[in-house]
Amino acid sequence: MLAGCPRLVAPSRRAFLAVLGGGVVRAHPVEPRSSPGPGPVLDYDMVNTLPADRSPLPVPAEPASLATPYRTHTCGELRTDGAGASARLAGWVHRRRDYGKLIFIDLRDRHGITQVVVDAADAPDAHDVASRVRSEFVIAVEGVVANRQPGTENPKLATGAVELQARDVAILNEAKTPPFYVNDPDAPIDESLRLRYRYLDIRREAMQRRLLLRSRLVQAIREVHHATGFVEVETPNLIKSTPEGARDFIVPSRLQPGTVYALPQSPQQLKQLLMVAGIDRYFQIARCFRDEDLRGDRQPEFTQLDLEMSFVDEPTVMAFIERMVIEVSRATVPERPIRQVPFPVFRFEEAMERFGSDKPDLRFAMELFDLAPAMTADDGRPESGFRVFDETLANGGRVKGITAPGMGGATRRQIDELTELSRRFGARGLVHLSVAEGELHGPIAKFLSVGTRTGIRELAGAGEGDLVLVVADTGERANDVLGRLRVELGARLELADPDELAYCWVHRFPMYQWDEEHRRWDATHNPFSGVVPEDEPLLTTVSGDLDDRSPRDPAGRARAMQYDIVLNGWELGGGSVRIWRHDLLARSFNLQGYTLEQMRERFGAMLEAFEYGAPPHGGIALGVDRWAALLSYQTNIREVMAFPKTQSGSDLMLEAPSAPDEEQFAELGLRFVGVPEKR
């Protein structure tokens, strides 16, 4: 053994969880149509043998005191064991009920609600003040803790067995009538109004609950990484623009007129440079910025868990990430079961074939199936009897379908809706067949041979009362359309268990995709992703000249050491083992259309750094906003962000973006010349 270098061993699952704090992960088996296929071998020995009573993360021996000069307890802290003691509370008036001589106030802070009773006979001065109190006033109350009268307890509140009998009430700040009900969790509120008054929206229990969950999530992430040798490093927000797949936000420089910084779409190059610098395990809760069209899982600024590891291969990185995800999930939402451990691993092609998506939701089956075997003669000729199917197969297309359980009795209107939906997804049409009395029925059933009808039922696994939906098109389009229909029907039929956390891996993505307009090979994910070692010879062109590229190049068959982690049908994060050799990185950039001068301009620091010795390294970035949303049953990340932007990128509360002052323009040497016409 070399001095200073401990013996290197692969950590077992038991050893890993012993470090992190063990516990049993509830696992539920997936019902796969076939084996997930070859993938990285992950070490999961002893996964269910650790004692269930072990704490997932260290906790303080005693909770921190939150007492201040305004309060001795929080509004969620008092219990029956404190009856008879004096207490002082401060918070917002959640609800006020005036019965003349008696006034009841529900006092709220982020910890809970306590009922305060103000009796005019016992505390006339306090009663006078309480009579002026209204909803959302900020007040402080001093009094005696008392058990509620039998039969008046509120089991919905943690403090529901006690009340505070007030001796003194002080109004700390008055409040205008809010533009919406803060104390009614079921009140329908327009989202634009919520965002305009976000500071009031955050007072509502549901929003506070989600933000607290997000806080626990980030805390658990940090605890796990610190416990396993990672170093938290902050990277700058003013950097050089690099291609990351979306437009950059740019920041003009006053000190260097005519130049701009870019806000980082991710710390990609910086974290790889940290690996060259010898920080062999890095992580960061990183703020990132992308100027792209928004949707439910996108915002112009977002947060990601960014990590990188040195001296690793693909299975090593994936194994750590999976263990980390399990532990963080268990620490954040211990009541929610993880569907399957180890996580299923799918090759990209397999995921597309089986689910029509590279981010499959495994909480329900409804897998895609290929109907060609039921429509092909022994000599390979299509013979379904239905011209559209036969012509599609003869031209090299695909005929695929999905089975919607129990939808055999769908109405004409429902079928028309699904047909129109499939057309919006890109299909030329949608064939439907229902199973009734053991036979296939539908508009085309009469054209199908007996053998074809039998084969369709067997391949579809369709039973009595089921509906078979079929798309005939190119393989890529058929998979995409059916994959989207699968998600739509899964939601309509409520097939997914909302409590389950169905994680999985998708890997072995194509390294490149052909860009006909620019005659180059674009990286499908990250331009720094490494190539599967056996595919390295494919990083070339037919002509042998990397500047003479064509769609027939061997590079189109290369696979990346790229992996995505998926949760309940959302891409939670993506990463790769990187190219760490200078020559291979330059070759990959060349295939992506960069000249030597462009490489030096955009990636000069990294290319030069790699000449000084870069270790094998890889990592991933996981969306913290998406993770928090999924763990809190949300489908829009705005619901787990304190101050998000609207779908158009506006901040309704701060009225941003806004026009700069003329002085700001002048100081930067800029002027506004108008919006360019869109091509």
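Refer to the preceding data block for the structure.
Criteria and cut-off values
- Residues numbered from 1 in each chain as written.
- Predicted model: local features only at pLDDT ≥ 70, side-chain atom pairs only at ≥ 80, totals over all residues.
- Heavy atoms only, no water.
- Helix = DSSP H or I, 4+ residues; strand = E, 2+ residues; numbered from the N terminus.
- Buried < 20%, exposed > 50% of the residue type's maximum accessible area, 1.4 Å probe, protein only.
- Contact = heavy atoms within 4.5 Å.
- Areas by Shrake-Rupley, 256 points an atom, 1.4 Å probe, with all protein chains shown as cover.
- Expected span 1.5 Å × (residues − 1).
- Pairing = 2+ DSSP bridges.
- Axes fitted to C-alpha atoms, helices over the stretch in contact; angles between N-to-C directions.
- Salt bridge = Lys/Arg side-chain N within 4 Å of Asp/Glu carboxyl O.
- Phe/Tyr/Trp six-rings, centres within 6.5 Å; stacked < 30°, edge-to-face > 60°.
- Lys NZ or Arg CZ within 6 Å of the ring centre and 35° of its normal.
- Arc of directions from axis to C-beta.
- Core = buried A, V, L, I, M, F, W, Y, C linked by side-chain atoms within 4.5 Å.

S.K.: So what's going on with the overall build of the protein chain? Which residues, and what values?
M.R.: From N to C terminus, the protein chain includes 16 helices and 22 strands. Here the protein chain holds 679 residues, and the buried ones make up 48% of them. At a minimum sequence separation of 6, the contacts of the protein chain that also span at least 24 residues come to 71%. Roughly 33,900 Å² of accessible area belongs to the protein chain as shown, and the carbon and sulfur atoms make up 52% of that amount.

S.K.: Can you explain helix α7 (residues 314-332)? Please cite residues and give values.
M.R.: The terminal C-alpha atoms of α7, which comprises 19 residues, lie 27 Å apart, in line with the 27 Å expected from a rise of 1.5 Å per residue. Burial runs high along α7: 16 of the 19 residues are buried.

S.K.: Please set out the sheet that holds strand β12 (residues 369-370) residue by residue, giving values where relevant.
M.R.: With respect to topology, five strands assemble into an open sheet ordered β12-β13-β16-β14-β15, the strand pairing being antiparallel. Either end of the sheet is taken by a strand with one partner, and the two such strands are β12 and β15 (439-441). Judged from the four bridges that link them, strand β14 (residues 431-436) and strand β16 (residues 467-473) form a sheet pairing that is antiparallel. For V431, the partnering residue across the bridge sits in β16 and is V470. Against the sheet, helix α11 (residues 450-460) engages β12, β13 (398-404), β14, β15 and β16, with an angle of about 95 degrees to β15.

S.K.: Provide a residue-level description of the pattern of salt bridges, including the pertinent values.
M.R.: Applying the stated criterion across every chain yields a total of 49 salt bridges. Two residues, R287 and E301, come together in a salt bridge whose shortest N-O distance is 3.0 Å. Of this pair, R287 sits in strand β9 (residues 281-289) while E301 sits in strand β10 (residues 301-310), placing them 14 residues apart in sequence. The class of R287 is partly exposed, set by a relative accessible area of 35%. A salt bridge links D473 to R477; the nearest nitrogen and oxygen atoms lie 3.8 Å apart. Overall, D473 belongs to the buried group, its relative accessible area being 4%. In this structure R477 comes out as partly exposed when scored by relative accessible area, which is 38%. What emerges from the salt-bridge pattern is a single network uniting R194, R198, D201, R204, R210 and E639.

S.K.: Give me the packing of aromatic side chains: which residues, what numbers.
M.R.: For any pair of aromatic rings, the description consists of the separation of the ring centres together with the inter-plane angle of the planes. Applying the stated criterion across every chain, the model contains 15 aromatic pairs. Ring centres of F346 and F355 lie 5.4 Å apart, and the angle between their planes is 75 degrees; on these two criteria the pair is classed as edge-to-face. Relative accessible area serves as the criterion here: at 2%, F346 is assigned to the buried category. Residue F355 is classed as buried on the basis of its relative accessible area of 2%. Aromatic pair F386 and F389: ring centres 4.9 Å apart, planes at 80 degrees, arrangement edge-to-face. By the burial criterion, F386 is buried, and F389 matches it. Taken together, the aromatic side chains of F528, F589, Y594 and F603 make up a single cluster linked through ring pairs. The cationic tip of R281 hangs over the ring face of F320; the distance from NZ or CZ to the ring centre is 5.8 Å. Sitting above the plane of the Y633 ring, R336 keeps its charged end 4.0 Å from the centroid.

S.K.: Describe α11, with residues and values.
M.R.: Turning to α11, its buried residues number three or more, namely T452, G455, I456 and A460. The arc that holds the buried residues of α11, viewed along the axis, is 120 degrees, so those residues lie on one side. Of the exposed residues in α11, those oriented more than 90 degrees away from the buried face are V450, G451 and E458. Buried-residue contacts for α11 involve β12, β13, β14, β15 and β16. At the exit of α11 stands G461, carrying a positive phi of roughly 60 degrees.

S.K.: Give me the pairing of strand β19 (residues 520-523): which residues, what numbers.
M.R.: Judged from the four bridges that link them, strand β18 (residues 512-515) and β19 form a sheet pairing that is antiparallel. Bridge pairing links Q513 to D522 in β19. In sequence, β18 turns back onto β19 through a hairpin of four residues, with R519 there showing a positive phi of about 55 degrees.

S.K.: Which residues make up the side chain of E639, and what values go with them?
M.R.: Tracing the backbone shows E639 in the loop between α15 (624-631) and α16 (662-668). Relative accessible area serves as the criterion here: at 12%, E639 is assigned to the buried category.

S.K.: Any details on the nonpolar core? Residues and values, ideally.
M.R.: Counting residues in hydrophobic clusters, the biggest one holds 48 residues, and the most contacted among them are I321, M324, Y503 and W627. Ranked by the residues each element gives to this core, the list is headed by α7, at eight residues. Beyond its immediate sequence surroundings of up to four residues, I321 is in contact with W505, Y563, I565 and I620. Counting residues in each nonpolar core, the second largest holds 24 residues, with L539, L584, L591 and Y594 among its members.

S.K.: Any details on the sheet that holds strand β3 (residues 112-119)? Residues and values, ideally.
M.R.: Here we have five strands rolled up into a closed barrel, ordered β1-β2-β3-β5-β4, and mixed in their pairing. Across the sheet, the axes of successive neighbouring strands diverge by a mean angle of 55 degrees, strand direction being ignored. For β3 and strand β5 (residues 162-173), the ladder comprises two bridges, and the chain directions are parallel. Within β5, the residue paired with V117 across the bridge is Q165.

S.K.: A description of the environment of Y633 should follow, citing residues and the corresponding values.
M.R.: Summarising the element assignment, Y633 is placed in the loop between α15 and α16. Overall, Y633 belongs to the partly exposed group, its relative accessible area being 45%. Considering only alpha carbons, one finds Y633 and D499, 134 residues apart in sequence, at a separation of 8.2 Å. Apart from residues no more than four positions distant in its own chain, Y633 is found in contact with R336, P498 and D499.

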